[in-house]
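Below, each chain spelled out in residue letters.
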Amino acid sequence: MSETAASRCEVSFTVNGAARTVSVYPMERLLDVLRNSLGLTGAKEGCGEGECGSCSVLLNGELVNSCLVPVLQAQGAELCTIEGLTPDAGLHPVQQAFLTCGGAQCGICTPGMIMATVQLLRRHPTPTLEQVREGLGGNLCRCTGYTRIFHSVFEVAKTEAEKGGTVA
Amino acid sequence: MNALVGLEATPAGGVRVLVSSTDIGQGTNTILSQIAAEALGLEYDDVSMAPADTSTVPNSGPTVASRTAMIIGKIVHTAALKMRQTLTESGLLEPSAGREEFLAACQTYRQRFGELKCFSRYEAAPNIFWNDELYRGEAYPAYAWAVYIAEVTVDTNTYSVTIDDFVALQEIGKVLHPVLATGQIEGGVAQGIGFALYEKVVWNDGKMLNNQMTNYIMPTSEDLPPIRVFFEEMPYQYGPYGAKGIGELPMDGPAPAIVNAIVQATGTSFNAIPLLPEDIFRVLTAEPDRPAEDFFSALAAEGSQ
Ligand code: FES
Ligand code: FES
């Protein structure tokens, strides 16, 4: 591989609360930078063309398919990946609900599905079934038939409402 | 079909299941651990799964054909009984001993003899014959049974089908893990629905033309009906705790149920799936004396006259 320093550039952003600067090709996909340069392998490549959502991360709080984001676009942004959601000990409430309710089988869609759920619940803390269906509509799952994923979403919405909190 | 399964006492004080059967999301690591724990008198967390790496695990055969729960699960069960037997025969364990005594006996055995590993091989149930050389015969001794019911609406303007309700009833011998078993059936039904209504493979010259998620359409969270799963249990005596396989059945039955519902709704028979709106349109608007396939070219010919 012939690489010239000139073709690379530096991009800085915050990932999961930590400031990072990476030396990248400007049109590298954010997904590849996260996985290969930063070792954050939680986001998965399913289709690589914006159809499956398994690469979902939050960019400035918005759910994006990181396979479609040129890394340059993340300059100065605040990124959150599944790794950033997971507390040092235990699980994030959404992760716990997926575990309890059987919302994951092979797990390939799961990191993206959980990021989509987080964004969904920020918008609609107590969502209707229609809102859940729509909110997760960009995240494909081959294994579960989505039913247990819906249960997981309602479970976490309920437990968080009981706690009087919201999914942050 | 030849299959070897092992169990070993680990230095960390637990028991490890040695199988090459691979968990690809169907939950077999969970149920095989459950079976081993139950048969050994242990807690679920005492049992772990060795990575399915053939440098570590024996050949327990392919991960196919809904065999892992029924076949491998049963061999895990017999290997577990052998493990207890090994310890009782060596005088380290009372037959009635509980969890703590068993785990202590494992460690004593390891100190004395280096390792404690027990293997068990597949044995066919009575009157089941399989030839491993010719790969012919009865690979499996029992099958699960199911009934699938689909309620559909066919839109006579758009020719699209909506599934309003779906019920799946399965007899799988014994439900080893209700959440996983239900999830596997829901997921299988979802694939069956895709098979019936969406997932058309377009071939050209031996190649798949629509090999992208943009043009090969599988169900999203917005497309599926509620999938209601029910179980019947008629324990199968040669399965672990009576269990039979689950995996494939929910992908076999749903498409026929859906097509039958469409036939009933439209009064017209269909002989191919998937039934996309254009397929239903073609059949419902075909004129009796004109083959359905020719409808568009006939229309084009009419238009150019
Ligand atoms: S990998 Fe990004 S949407 Fe599929
Ligand atoms: S759990 Fe396998 S794709 Fe969703």
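Bear in mind the structure is a predicted one, so any value in this text is a computation, not a measurement.

Caption draft 1: Broad picture of the overall build of chain A. Counting its secondary structure elements, chain A contains six helices and five strands. Secondary structure elements in chain A, listed N-terminal to C-terminal, are β-β-α-β-β-β-α-α-α-α-α. On C-alpha atoms alone, chain A measures out to a radius of gyration of 16 Å, which is about the 15 Å that the 2.2 N^0.38 rule sets for 168 residues. The dimensions of chain A, computed from C-alpha atoms along their principal axes, are 55 × 30 × 25 Å.

Caption draft 2: Examining the pairing of strand β1 (residues 4-9) of chain B more closely. All names here are of chain B. By the criterion of burial, β1 is predominantly enclosed, with five of the six residues buried. The pairing of β1 with strand β4 (residues 117-121) spans five bridges and is classified as antiparallel. Pairing of G6 across the sheet is with F119, part of β4. In terms of strand pairing, β1 meets strand β2 (residues 15-18) through four bridges, oriented antiparallel. In the sheet register, L7 faces β2, and the bridge partner there is V17.

Caption draft 3: Structural view of the interface of chain B and chain A. At the junction of the two partners, chain B supplies 25 residues and chain A supplies 21 residues. For the pair chain B and chain A, the two sides together bury roughly 1,900 Å², of which 52% comes from carbon and sulfur. It is B:M213, B:M218 and B:S221 in chain B that bury the most area against chain A; as a group they hold 28% of the surface buried on that side. The interface formed by chain B and chain A contains two salt bridges. With a shortest N-O distance of 2.7 Å, A:R148 and B:E186 are connected by a salt bridge. Viewed at the interface, chain A and chain B are joined by eleven residue pairs in polar contact (both at pLDDT 80 or more).

Caption draft 4: Layout of unusual backbone geometry. B:I273 connects to B:P274 through a cis peptide bond whose omega is 0 degrees. Note on placement: B:P274 falls in the loop between α6 (254-266) and α7 (277-285). Of note in this structure, A:Y146 is not a glycine but carries a positive phi near 70 degrees. Overall, the relative accessible area of 1% leaves A:Y146 in the buried class. The phi dihedral of B:Y135 falls on the positive side, at around 55 degrees, and the residue is not glycine.

Caption draft 5: The sheet that holds β2(B), seen in detail. Residues and elements named next belong to chain B. With mixed pairing, four strands are arranged side by side in an open sheet as β3-β2-β1-β4. Whereas interior strands pair on both sides, the edge strands pair on one side only; in this sheet they are β3 (47-49) and β4. Neighbour-to-neighbour, the strand axes of this sheet turn through a mean angle of 20 degrees, independent of strand direction. Packed onto the sheet, helix α1 (residues 28-40) meets β1, β2 and β3 and runs at close to 145 degrees relative to β3.

Caption draft 6: Structural view of a nonpolar patch on the surface. Residue and element names in this part refer to chain B. Together, V147, I149, L169 and F230 make up a nonpolar patch on the protein surface, roughly 330 Å² of accessible area in all. Residue placement: L169 occurs in strand β8 (residues 161-171). What makes L169 partly exposed here is its relative accessible area of 31%.

Caption draft 7: Highlighting the domain arrangement of chain B. Residue and element names in this part refer to chain B. Each assigned domain of chain B is listed with its residue range as follows: domain 1 (4-124) and domain 2 (145-304). Here domain 1 and domain 2 have C-alpha centroids that lie 39 Å from each other. Interface area for domain 1 against domain 2, summed over the two sides, is near 1,200 Å², with a carbon-plus-sulfur share of 65%. Per-residue buried area on domain 1 facing domain 2 is highest for S66, M70 and K74; these three make up 40% of the total on that side. Where domain 1 packs against domain 2, one counts zero salt bridges. Across the contact surface, domain 1 and domain 2 share five residue pairs in polar contact (both at pLDDT 80 or more). It is α1 that provides the largest number of residues to the side of domain 1 that touches domain 2, a total of six residues. Of the residues in the side of domain 1 that touches domain 2, the class split is six nonpolar, seven polar and two charged.

Caption draft 8: How the structure looks around the nonpolar core. Residues A:Y146, B:V152, B:L197, B:I258 and B:I262 are the most contacted members of the largest nonpolar core, which totals 62 residues. When residues no more than four places from it in sequence are discounted, the contact partners of B:V152 are B:V161, B:T162, B:I163, B:D164, B:I258, B:A261 and B:I262.

About the thresholds
- Residues numbered from 1 in each chain as written.
- Chains lettered and ligands numbered in written order.
- Predicted model: local features only at pLDDT ≥ 70, side-chain atom pairs only at ≥ 80, totals over all residues.
- Heavy atoms only, no water.
- Helix = DSSP H or I, 4+ residues; strand = E, 2+ residues; numbered from the N terminus.
- Rg over C-alpha atoms; globule rule 2.2 N^0.38 Å.
- Buried < 20%, exposed > 50% of the residue type's maximum accessible area, 1.4 Å probe, protein only.
- Pairing = 2+ DSSP bridges.
- Contact = heavy atoms within 4.5 Å.
- Buried area = accessible area lost by both parts, 1.4 Å probe.
- Salt bridge = Lys/Arg side-chain N within 4 Å of Asp/Glu carboxyl O.
- Polar contact = N/O pair within 3.5 Å; in protein donor to acceptor, adjacent residues only side chain to side chain.
- Axes fitted to C-alpha atoms, helices over the stretch in contact; angles between N-to-C directions.
- Patch = residues over 30% accessible without salt bridge, like charges linked within 9 Å, V, L, I, M, F, W, Y side chains within 5 Å.
- Areas by Shrake-Rupley, 256 points an atom, 1.4 Å probe, with all protein chains shown as cover.
- Domains from an automatic or database assignment.
- Nonpolar A, V, L, I, M, F, W, Y, C, P; charged D, E, K, R; others polar.
- Core = buried A, V, L, I, M, F, W, Y, C linked by side-chain atoms within 4.5 Å.

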